[in-house]
Amino acid sequence: MSRILHNRVRSSFKNTSWVSIDKRAVAFSIWTGRSMLLYKPIDTSHVQRRCYGMLVARAIRGVLKIRYLVLGGAVGGGMTLNKKYAEWKDGLPDMGWLNDLLPDNEQWDRFTTTLITAKDKIGDQLQIDPRLREAGVARTTELREWLAQRYEDAVAAAAVNNQQRLEPAPKIVNNLQSRPASPPPARSADDAAHYEKRVHALQEEVLALQARYQRELQRLEQENRELRQQNMLLKQGRQPSTKKMKRSLIDMYSSVLDELAGWEADGADRLPRVVVVGDQSAGKTSVLEMIAQARIFPRGAGEMCTRAPVKVTLSEGPYHVAQFRDSSREFDLNKESDLADLRKEVELRMRNSVRGGRTVSSDVISMSVKGPGLHRMVLVDLPGVISTQTVDMAADTREAIKQMTRQYMDNPNAIILCIQDGSVDAERSNVTDLVSSCDPQGKRTIFVLTKVDLAEENLANPNRIRRILEGKLFPMKALGYYAVVTGRSRRDDSIQGIREYEERFFSSSKLFKNGLVTPSQVTTRNLSLAVAECFWRMVRATVEQQADAFKAMRFNLETEWKNTFPRQRELDRDELFERARAELLDQAAELSAVPAQRWEHALRDALWDHAAPTVMDRIYLPAAAAAHDDQDKFNTIVDIKLREWAERELPGTSVQAGREALRAEFSRLTEPAEPEPLFRGLREHAVREALLRHDWEERAQDVLRVLQLNALQDRCVSARAHWDRAVALLEAALGDRLGAARDRLRDLTGPGWRERWLSWSSPTEEQRRRALLAAELEQLGTARPQLTYDEVVAVRDNLRRQGVEVDNDYIRETWKPLYLRKFLEQALTRARDCRKSFYLYSQQNGAGKECCEVVLFWRIQQTLETTANALRQQIGNREAARLDRELREVLDEMAADADLKKQLLSGRRVELAEELKRVRKVQEKLEEFIEALNKEK
């Protein structure tokens, strides 16, 4: 190429002068390594072609730069590829241990040469007996037939396996149930002994190789976990701290199961999960802990520990941590202190879930466990099935456990992990009958035999374990049968120690040496792998079908809502509660805007309702009866009684009246003009609870007592309006009491002539006797409060002449309402006369003794007005705000009580909205999970 360029440049410079091409000649010479001076100089007459030559030279220079760029890129790419190859090569596991097992080429050549030499020597020196030759031929023929039969069996087994792989839902193949090989031909005693020794030697070699393989596999898994942890930490380090981490598949699936927890609709919750069932103390919890690689559950010495279903979501993560669904705390499973706290928390939640004297509960405790190398799955640990319940258990404990276990196993997509204690007799098993009734074909059951180390020590016939693991002993079928060892019944054993003990046991166990158990049927590692594989196969096969079912359910519910509640929003129970809460708080806030006149009017009415019985029965009437028209005595008695009342009872009575007025106004404000029937029960409950909790300030009574004592001491009525209001209060009080007295007399003496003719009513015999007595007493006059003895005897004798027998107490009892009626009539007449006496009262400057009843009621009225004003100020300053705060507290407590909200907000509208919201939420989560699942494929 350089030669061609050299010729082109040379031809382009033929007509150029030597002076004009000095610089280009030097550059061209440096590039090509040749001197331009060796060629014939170009004619200098063609100077006009100089521009074209410069353009050609620039083009050549650009081409040369491209060559350098291509060369540099190739070198850099090669170095990068070499570096990537070195990193990939360093990441490969160390397989140097194979060099210790396989011979090298030199040893193999020596071994081959030795065999050929030995063949030649033996062939030349040894003469074979014809009989031995015939026997060898026959033996060889027999061996060839046996190998051919084995080859046919292998081909048939491969065809069956291929056919099973093509099926949509393959089963876990039990290695023990393969077709047994044809027995070897009969041998002599020496040959049999030699063959047996050889078999034992091969078994020892296989066990040693398997142990070495397990150790290497464990080392690779540990390295893989460390690499995964570093990878996750690097990913988390590259992401911003404010960005939300993407949830894993198993977390998404677990959230769907949490949403479906407690679903009451038939067939709604049919999503796969692993249900761990077994008899009590069979080792269910230990198996689950080995799968989770942490001792996360409490233990008890012979008593029931699992009292409620525990849903454990296993997933892979950089740290080995556990967390409850409703808590933000993470428990570090590598720390003993956190493990102890986790076990205490699990035990506390289980005991809190058991209420009302029950022993077991159906409330699900949800927790997640993350860690390097954990298989992703969702397991539900159920209480162990018992055969006998003790006296400290509830009467229905056994049936409750069976019903709960059957409910979880009846899910057609649930994977049943049946745990059976291998150290006890098979006849004592209770759970196998339940499993066989729920899954008779064994299409979704995995059988696990625990405590195999104890079984091997205690059982005299190891063939019994083989029959169990072949599915020939228990009346049930399963996808696969596994044998595990979950420790030595020590609380302080770690998961790593239990795993090492399990591997040591199976490597030296007779179950292996005698060929009773295959390696794929033992250890919790193989069990966890098989359960996770079966779980995800079931999830992929059924999750889309469940999503379609929820989609159809959503369509039906939306159609029902549109037809039943066409113009209403789809508000669930929480949204309806928040709506009612906001309206109630807004209405309660109007309490501070009530006018002062309304408050004082309501408070005065409430105060008088509470004070009227005391004023009439304990102050006014006793003072009037004791005074006998003696005004000074009346005023003295009134002053004493008013002071006692103000110091002892009136402040408390005033606070009670203020509370009632506040309650009445609060109830009026919180009751809308057109209340919605759906919210009626909720409003009434909230208002009632808030009012019951509200208490008036204690120091308010001390303030009221001082104000009331000062108001009662003022005896001067300064204005005509005050006098008129006092007279009106007196007349109202006397009128109410007079009406009550007349009603009392009518009840005693029976209806009058008008009522008898108009209402067709007749008096009783007792009422007739009372009427005769009242008529006799009326003749004596009723101006005095008490009758003398002579008057009583005279009345009794008069009635006896009429054929009516009465005693003295009977006469005095009838006299009281008669005297009260007469006194009230006279007092009411005096009160009407006093209405016009204010001028006379003002002329005497309050020193007059007439109309002292009006002054009494003016003092009481003034005291009530002062008290009402003080109560109004207390309501505006403190009590209204306290009541509003207590209403908020009640509503907050109601918001946290789901059962109470369900009781107060009920009806088809609420239930339909709740179910529709739940179905939508589950469907959205399922679609999100399916989308992520398809991306993972």
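To keep things clear, this report deals only with the structure shown in the data block.

The next thing to look at is the overall build of the protein. Looking only at helices and strands, the protein features 32 helices and nine strands. Taking all 937 residues of the protein together, 40% fall into the buried category. Look at the contacts in the protein between residues 6 or more apart in sequence, and 80% of them connect residues 24 or more apart. A total of about 54,600 Å² of accessible surface is found on the protein, and carbon and sulfur atoms cover 51% of it.

For the rest of this paragraph, the subject is helix 24 (residues 720-749). With 30 residues, helix 24 ought to run about 44 Å at 1.5 Å a step, and its terminal C-alpha atoms sit 43 Å apart, in line with that. Remark: Gly 750 follows helix 24 within two positions and exhibits a positive phi of approximately 90 degrees.

What follows is about a nonpolar patch on the surface. Among the surface-exposed residues, Trp 753, Trp 757 and Leu 758 lie close enough to one another that they form a single nonpolar patch of about 500 Å² accessible area. Relative to the assigned elements, Leu 758 resides in helix 25 (residues 753-759).

Next up on the list: empty space enclosed by the protein. Scanning the model with the defined rule gives two cavities of 30 Å³ or more in all. In this model, the largest cavity occupies a volume close to 40 Å³. A breakdown of the residues in the lining of the largest cavity according to their chemical character gives four nonpolar, two polar and one charged. One number sums up the size of the second largest cavity: a volume of about 30 Å³. Around the second largest cavity sit Ser 286, Glu 289, Met 290, Arg 295, Arg 299, Thr 486, Ile 495 and Ile 498, which together line it.

Attention now goes to the environment of Ala 728. Checked against the element boundaries, Ala 728 lands in helix 24. You can call Ala 728 partly exposed: its relative accessible area is 39%.

Relative to the helices and strands, Glu 665 resides in helix 21 (residues 650-669). Sequence-distant contacts of Glu 665, defined by excluding residues within four places in its chain, comprise Leu 591, Val 594, Arg 598 and Trp 599.

Here the phi dihedral of Ser 281 falls at roughly 65 degrees; this positive angle occurs in a residue that is not glycine. Backbone geometry at Gln 293 places phi at a positive 60 degrees, although glycine is not the residue there. Tracing the backbone through its elements, the reader meets Gln 293 in the loop between helix 9 (284-292) and strand 2 (310-316). By relative accessible area, Gln 293 is classed as partly exposed at 22%.

Time to look at the pairing of strand 3 (residues 321-324). Where strand 3 meets strand 4 (residues 331-332), two bridges bridge the pair, whose relative direction is antiparallel. Within strand 4, the residue paired with Ala 322 across the bridge is Phe 331. The hairpin formed by strand 3 and strand 4 contains six residues between the paired strands. Taken together, the four bridges between strand 3 and strand 5 (residues 365-371) define a ladder with antiparallel strand orientation. Along strand 5, the bridge assignment pairs Gln 323 with Ser 368.

Enumeration according to the criterion identifies one disulfide in this entry. Here Cys 834 engages in a disulfide with Cys 851; their sulfurs sit 2.1 Å apart. Here Cys 834 and Cys 851 share a disulfide; its torsion about the S-S bond, -95 degrees, makes the bridge left-handed. With a gap of 17 residues between them, Cys 834 in helix 28 (residues 808-834) and Cys 851 in the loop between helix 29 (838-843) and helix 30 (852-896) connect regions that are remote in the sequence. Accessibility assignment for this pair places Cys 834 and Cys 851 in one class, buried. Residue Cys 852 stays outside any disulfide, its sulfur separated by 7.9 Å from that of Cys 851, the closest cysteine.

Okay, the pattern of salt bridges next. This model, assessed by the stated rule, comprises 54 salt bridges. One salt bridge connects Arg 770 with Glu 766, and the closest N-O pair in it is separated by 3.5 Å. Residue Arg 770 and its partner Glu 766 are located together in helix 26 (residues 765-778), separated by four residues, close to a single helical turn. Exposure remark for Arg 770: the relative accessible area of 7% places this residue in the buried category. What makes Glu 766 partly exposed here is its relative accessible area of 34%. The network of salt bridges with common partners includes Arg 579, Glu 583, Glu 676, Arg 683 and Arg 909.

Spatial strand order, 4-3-5-2-6-1-7-8-9: nine strands in an open sheet with mixed pairing. With one partner strand each, in any of the chains shown, strand 4 and strand 9 (480-483) form the two edges of the open sheet. Bridge count between strand 7 (residues 415-421) and strand 8 (residues 445-450): six bridges; the pairing is parallel. Looking at strand 8, one finds that Gln 420 is bridged to Leu 449. Contacting strand 1 (274-278), strand 6 (377-381) and strand 7, helix 11 (residues 397-409) crosses the sheet at an angle of about 145 degrees to strand 1.

Here we come to the environment of Leu 314. Mapping Leu 314 onto the fold places it in strand 2. Given a relative accessible area of 1%, Leu 314 falls into the buried group. C-alpha of Leu 314 to C-alpha of Ala 292: the two residues are 22 residues apart in sequence and 6.8 Å apart in space. Contact partners of Leu 314, with chain neighbours within four places excluded, come to Ile 250, Ile 291, Ala 292, Val 369, His 375, Arg 376, Met 377 and Leu 379.

On to the pairing of strand 8. Judged by how many residues are buried, strand 8 sits mostly within the fold: six of six residues are covered. Of the two faces of strand 8, both are covered, the one formed by Thr 445, Phe 447 and Leu 449 as well as the one formed by Ile 446, Val 448 and Thr 450. Both strand 8 and strand 9 contribute to a ladder of four bridges, which runs parallel. Across the sheet, the residue bridging to Val 448 is Tyr 482, located in strand 9.

As enumerated under the stated definition, the model contains 15 aromatic pairs in all. Taking 5.2 Å as the distance between ring centres and 45 degrees as the angle between the ring planes, the aromatic pair formed by Tyr 253 and Phe 929 counts as tilted. Of the two residues, Tyr 253 sits in helix 8 (residues 249-259) while Phe 929 sits in helix 32 (residues 908-936), which places them 676 residues apart along the sequence. Across the pair, Phe 929 and Tyr 253 agree in class, each one buried. Centroid distance Trp 723 to Phe 838: 5.8 Å. Interplanar angle 55 degrees. Geometry classified as tilted. Of this pair, Trp 723 sits in helix 24 while Phe 838 sits in helix 29, and the two are 115 residues apart along the sequence. For the pair Trp 723 and Phe 838, a shared accessibility class is recorded, and that class is buried. Pairwise contacts between aromatic rings join Trp 608, Tyr 620, Phe 634, Tyr 819, Phe 823 and Phe 857 into one cluster. Between the NZ or CZ atom of Arg 376 and the centre of the ring of Trp 536, over which it lies, the distance is 4.7 Å.

Ranked by size, the top nonpolar core spans 105 residues in total, and within it Tyr 620, Trp 723 and Phe 857 carry the most contacts. It is helix 30 that provides the largest number of residues to this core, a total of 18 residues. Discounting residues that sit within four places of it in the chain, Phe 857 has contacts with Trp 608, Val 615, Met 616, Tyr 620, Ala 726, Leu 729, Leu 730 and Ala 733. Counting 71 residues, the second largest nonpolar core, distinct from the first, contains Met 252, Ala 322, Met 377 and Ala 532.

Here the focus is the packing of helix 8 against helix 32. A pair of packed helices is characterised by two quantities: the angle between their axes and the separation of those axes. Interaxial distance between helix 8 and helix 32 falls to 10 Å at its minimum, and their mutual angle equals 160 degrees. The orientation of helix 8 with respect to helix 32, classified from their angle, is roughly antiparallel. Read as a crossing pair, helix 8 and helix 32 show a hand that is left-handed. Contacts between helix 8 and helix 32 involve Leu 249, Met 252, Tyr 253, Ser 255, Val 256 and Glu 259 on the former and, on the latter, Arg 918, Lys 921, Val 922, Lys 925, Leu 926, Glu 928, Phe 929, Ala 932, Leu 933 and Glu 936. Tallied by class, residues from the contact of helix 8 with helix 32 come to nine nonpolar, one polar and six charged.

How each quantity is defined
- Residues numbered from 1 in each chain as written.
- Predicted model: local features only at pLDDT ≥ 70, side-chain atom pairs only at ≥ 80, totals over all residues.
- Heavy atoms only, no water.
- Helix = DSSP H or I, 4+ residues; strand = E, 2+ residues; numbered from the N terminus.
- Buried < 20%, exposed > 50% of the residue type's maximum accessible area, 1.4 Å probe, protein only.
- Contact = heavy atoms within 4.5 Å.
- Areas by Shrake-Rupley, 256 points an atom, 1.4 Å probe, with all protein chains shown as cover.
- Expected span 1.5 Å × (residues − 1).
- Patch = residues over 30% accessible without salt bridge, like charges linked within 9 Å, V, L, I, M, F, W, Y side chains within 5 Å.
- Salt bridge = Lys/Arg side-chain N within 4 Å of Asp/Glu carboxyl O.
- 1 Å grid on protein atoms, 1.4 Å probe; cavity = no way out; pocket = protein on both sides within 12 Å on 5 of 7 lines; lining within 4 Å.
- Points joined across faces, edges and corners; volume = space filled by probe spheres on them.
- Nonpolar A, V, L, I, M, F, W, Y, C, P; charged D, E, K, R; others polar.
- Pairing = 2+ DSSP bridges.
- Disulfide = S-S within 2.5 Å.
- Axes fitted to C-alpha atoms, helices over the stretch in contact; angles between N-to-C directions.
- Phe/Tyr/Trp six-rings, centres within 6.5 Å; stacked < 30°, edge-to-face > 60°.
- Lys NZ or Arg CZ within 6 Å of the ring centre and 35° of its normal.
- Core = buried A, V, L, I, M, F, W, Y, C linked by side-chain atoms within 4.5 Å.
- Parallel < 35°, antiparallel > 145°, perpendicular 65-115°, else oblique.
- Left-handed = near helix turned anticlockwise from the far one by under 90°.

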